[in-house]
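The chain contents come next:
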Amino acid sequence: MPPGPKRFLFKNIALAKPSGAVLINQDILVEDDRIISISHSKSAEARAATTLSAAAAAAAATARSFQATEIYDGRGKLALPGFYNLHSHVPMTLLRGYGEGLPLKKWLFERVFPFEALLTEEDCYWGSLLGIAEMLASGTVSFSDMYLLTPGIARAVRESGIKANLSHGYSTAPKSKGFSDSKAYEGTRFLIDAARADKSGRLIADAAVHAEYTFGEERFGRQIADFCRREDLRVQIHLSETKDEHEACKVKRGCTPTAFFDSCGLFDTPTIAAHGVWLEDGDLDIFAAKGVSLAHCPVSNLKLASGMAPVQKIIDRGIRVCLGTDGAASNNNLNLLKEANLASLLQKSLTGDPLALGPAKLLELACRNGALAQGRADCGALEEGMKADIIVFDLESPRMQPVYDPLVSVFFAADSRDIVLTMVDGKVLYKNGKFTTIDIVRVMAEAERIRDEKLRRLEGK
Ligand SMILES: [Zn+2]
């Protein structure tokens, strides 16, 4: 007889609805990879659950009625849909902290690029696992990534159980014949096949344009736009991250980076643009008309002194805004909770309005908006029928006590250590500091080995 569906019951837990409203004493029943019911815990059971033994009895009774295979005692806990990290370069965990304290160009050309030139697929696999572990432990259930050596990253995604939209960044080489002649084309084709072979739907192939300042003629833009339409791909791109890049484009091409890529037809395909610090009103018109989503990366923007994106203004234009960390080399964490907190503080300061980007809005940016921007319509909300991507905060953490409004506690008081469980597609991947699919001791040892090996080669020893 084939095994029955696998069930997991969160019992007596508080949960945040997509509106930001928090319901208490809820039962969330997960069957295989989906939430199949959300209901109020029976009031008699809730009363009985005032003692541990009574709670165990109630849980056992519920287990029989639901045939649940696993029950999680949710008292004192809050469930949220997991976070979506919409901009990362995950293997760059291997460069976390490398070459700090140098000016931007020196750091890139004398540290980052020579280090990256030595990376192998195997290195990227270990670096990705390290980044994925950090993301799972800080509540991220899905990420969008732009890098190279994508087979190593895809392998880490498959093995770890996290979700990801992976892409290979396209920069045009000086004598390039076109997109189909590029390494990015090869990398993207690999990802398309890998995503097709992955029946779970967790792995999605995206295309990626690195940025305007590493891009040649308009015809290359048309080629990748045509390719995306043919293959039904989304696009990731760095856009107007720094003032220099934005202004230089206007001098060189006579228009902003957004207007340039729009003229190539790139935004006729769903696009996630990272940063957008220097977007102008005309650029926002294009974003609104073409449905481009913005991945706001506040920590990276502050750390690299790129500036502060006018996110509240962008939201007010009806543009979808999500959150991203950027790579660990320019952050130096992959912690979306930190991004959400900083995003809110920055907008309060920029707008002079202490109500800007409140907790309900942050929930939307961090969860549902990210899922929609990745093309995952059945993710990013705790509702019946949605994918079971669920993270649990311990409301009894001293950092969050006493609790008046649980979402305020999450976004303004908690840190990622208060996340005690991360579930992706109905599978618990992280619980109470332990990973169920990642050998974190081995991963850290490999990261140290890779660091030592690269440093030896870079320093010619
Ligand atoms: Zn980036």
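Residues numbered from 1 in each chain as written. Predicted model: local features only at pLDDT ≥ 70, side-chain atom pairs only at ≥ 80, totals over all residues. Heavy atoms only, no water.

Student: What is the right way to read the overall build of the chain from this model?
Tutor: In terms of helices and strands, the chain carries 16 helices and 18 strands. In terms of overall dimensions, the chain is globule-like: its C-alpha atoms have a radius of gyration of 22 Å, near the 23 Å expected for 461 residues. Counting only residues that meet the buried cut, the chain has 56% of its 461 residues in that class. Long-range contacts, defined here as pairs at least 24 residues apart, represent 73% of the contacts in the chain between residues at least 6 apart. For the chain, the exposed area adds up to about 18800 Å²; of that, 55% sits on carbon and sulfur atoms. Across the chain, the centroid of the 56 positively charged side chains sits 2 Å from that of the 58 negatively charged ones. (Helix = DSSP H or I, 4+ residues; strand = E, 2+ residues; numbered from the N terminus. Rg over C-alpha atoms; globule rule 2.2 N^0.38 Å. Buried < 20%, exposed > 50% of the residue type's maximum accessible area, 1.4 Å probe, protein only. Contact = heavy atoms within 4.5 Å. Areas by Shrake-Rupley, 256 points an atom, 1.4 Å probe, with all protein chains shown as cover. Lys, Arg positive; Asp, Glu negative; His and termini not counted. Charge placed at Lys NZ, Arg CZ, Asp CG, Glu CD.)

Student: What should I look at first to understand the nonpolar core in this one?
Tutor: Here is a general trend for soluble globular proteins: nonpolar side chains tend to be buried in one another's company. Counting residues in hydrophobic clusters, the biggest one holds 114 residues, and the most contacted among them are L80, F83 and F393. There are two domains that each give this core at least three residues, and those are domain 1 (7-80 + 387-435) and domain 2 (83-373). (Core = buried A, V, L, I, M, F, W, Y, C linked by side-chain atoms within 4.5 Å. Domains from an automatic or database assignment.)

Student: For this particular structure, what's the right way to read the coordination of the zinc ion?
Tutor: For a metal bound by four donors in a tetrahedral arrangement, the ideal donor-metal-donor angle is 109.5 degrees, while six donors in an octahedral arrangement ideally sit at 90 or 180 degrees. At this site the zinc ion is bound by H87 (NE2), H89 (NE2), H238 (NE2) and D326 (OD), with donor distances of 2.1 to 2.4 Å. Classification of the site at the zinc ion rests on its 4 donor atoms, whose angles at the metal span 83 to 173 degrees, yielding the label irregular. Here the donor residues of the zinc ion are spaced in sequence according to H-x1-H-x148-H-x87-D. Remark: H238 occurs in strand β11 (residues 235-239) and H89 occurs in the loop between β6 (83-88) and α3 (104-117); sequence separation between them is 149 residues. Like H89, the residue H238 is buried in the burial classification. (Donors = N, O, S within 2.8 Å, 3.2 Å for Na, K, Ca; no water. Tetrahedral: all angles 85-135°; square planar, octahedral: opposite > 155°, others 65-115°.)

Student: I would appreciate a short explanation of the side chain of E339 in the present structure.
Tutor: By the secondary structure assignment, E339 is in helix α13 (residues 336-351). For the buried E339, no salt bridge is present, and the opposite-charge side chain at shortest range is K338, 6.4 Å distant. Excluding its chain neighbours within four sequence positions, the residues that come into contact with E339 are C297, P298, V299, G324, T325 and N331. (Salt bridge = Lys/Arg side-chain N within 4 Å of Asp/Glu carboxyl O.)

Student: Would you explain the environment of R202 in this entry?
Tutor: By the element assignment, R202 lies in the loop between α6 (183-197) and β9 (203-205). Among the residues examined, R202 registers a relative accessible area of 11% and is labelled buried. Along the backbone, R202 and R449 are 247 residues apart, and their C-alpha atoms lie at a distance of 30 Å. Ignoring any residue separated from it by four or fewer positions in sequence, one finds R202 in contact with V157, R158, G161, I162, K163, A164, R376 and D425. Here V157 takes part through its backbone oxygen, which lies 3.3 Å from a polar atom of the side chain of R202. (Polar contact = N/O pair within 3.5 Å; in protein donor to acceptor, adjacent residues only side chain to side chain.)

Student: I'm lost on the pairing of strand β5 (residues 77-81) in this one. Help?
Tutor: On a regular strand, each side chain points to the face opposite its neighbour's, so the side chains alternate between the two faces of the sheet. Of all 5 residues in β5, 5 are buried; the element is thus mostly enclosed. Every second residue of β5 is oriented toward a common face, with K77, A79 and P81 on one face and L78 and L80 on the other, all of them buried. Here 2 bridges tie strand β1 (residues 7-16) to β5, and the two strands are oriented parallel to one another. Looking at β5, one finds that L15 is bridged to A79. Strand direction decides the pairing type here: β5 and strand β15 (residues 390-394), joined by 5 bridges, are antiparallel. Bridge pairing in β15 links A79 to V392. (Pairing = 2+ DSSP bridges.)

Student: Just to check I follow, could you spell out the domain arrangement of the chain for this structure?
Tutor: Put simply, an interface is often sized by how much accessible area is lost when its parts join up. Domain boundaries assigned for the chain yield domain 1 (7-80 + 387-435) and domain 2 (83-373). A separation of 32 Å is found between the C-alpha centroids of domain 1 and domain 2. Taken together, the contact between domain 1 and domain 2 spans 26 residues of the former and 27 residues of the latter. Interface of domain 1 and domain 2: buried area, both sides summed, is about 1900 Å²; carbon and sulfur atoms make up 74% of it. (Buried area = accessible area lost by both parts, 1.4 Å probe.)

Student: Honestly, helix α7 (residues 218-231) in this entry has me stumped. Any pointers?
Tutor: Structurally, the α-helix is built with 3.6 residues per turn, so residues lying three or four positions apart point the same way. The terminal C-alpha atoms of α7, which comprises 14 residues, lie 20 Å apart, in line with the 20 Å expected from a rise of 1.5 Å per residue. Taken residue by residue, α7 has F220, G221, I224, A225, F227 and C228 as its buried positions. Along the axis of α7, the buried positions cluster into a sector of 160 degrees, meaning they face one direction only. The inward-facing, buried residues of α7 abut β8 (163-170), α6, β10 (207-209) and β11. Of the residues flanking the end of α7, it is D232, one or two places downstream, whose phi is positive at about 60 degrees. (Expected span 1.5 Å × (residues − 1). Arc of directions from axis to C-beta.)

Student: Sorry if this is basic, but what is going on with a nonpolar patch on the surface here?
Tutor: A cluster of nonpolar side chains, namely L302, M308 and L350, defines an oily patch on the protein surface of about 260 Å² accessible area. Tracing the chain through its elements places L350 in helix α13. (Patch = residues over 30% accessible without salt bridge, like charges linked within 9 Å, V, L, I, M, F, W, Y side chains within 5 Å.)

Student: Got a minute to help me understand the state of the cysteines in this structure?
Tutor: Among covalent bonds in proteins, the disulfide is the one between the sulfur atoms of two cysteines. Scanning the entire structure with this criterion turns up 0 disulfides. Unpaired in this structure, C367 has its nearest cysteine sulfur neighbour in C322, at a distance of 11 Å. You can call C367 buried: its relative accessible area is 1%. (Disulfide = S-S within 2.5 Å.)

Student: Honestly, unusual backbone geometry in this entry has me stumped. Any pointers?
Tutor: It is generally the case that most residues other than glycine have a negative phi and that most peptide bonds are trans. For the peptide bond that leads from N331 to N332, omega is 15 degrees, which places it in the cis range. Looking at the element boundaries, N332 is found in the loop between β14 (321-323) and α13. Going from Q401 to P402, the amide bond is cis rather than trans, its omega being -15 degrees. One can find P402 in the loop between β15 and α15 (406-412). In this structure, H275 takes a positive phi of about 80 degrees despite not being glycine. Inspection of the secondary structure puts H275 in strand β12 (residues 271-275). By relative accessible area, which is 0% here, H275 ends up buried. Although it is not a glycine, D326 sits at a positive phi angle of roughly 70 degrees. Within the secondary structure, D326 sits in the loop between β14 and α13.

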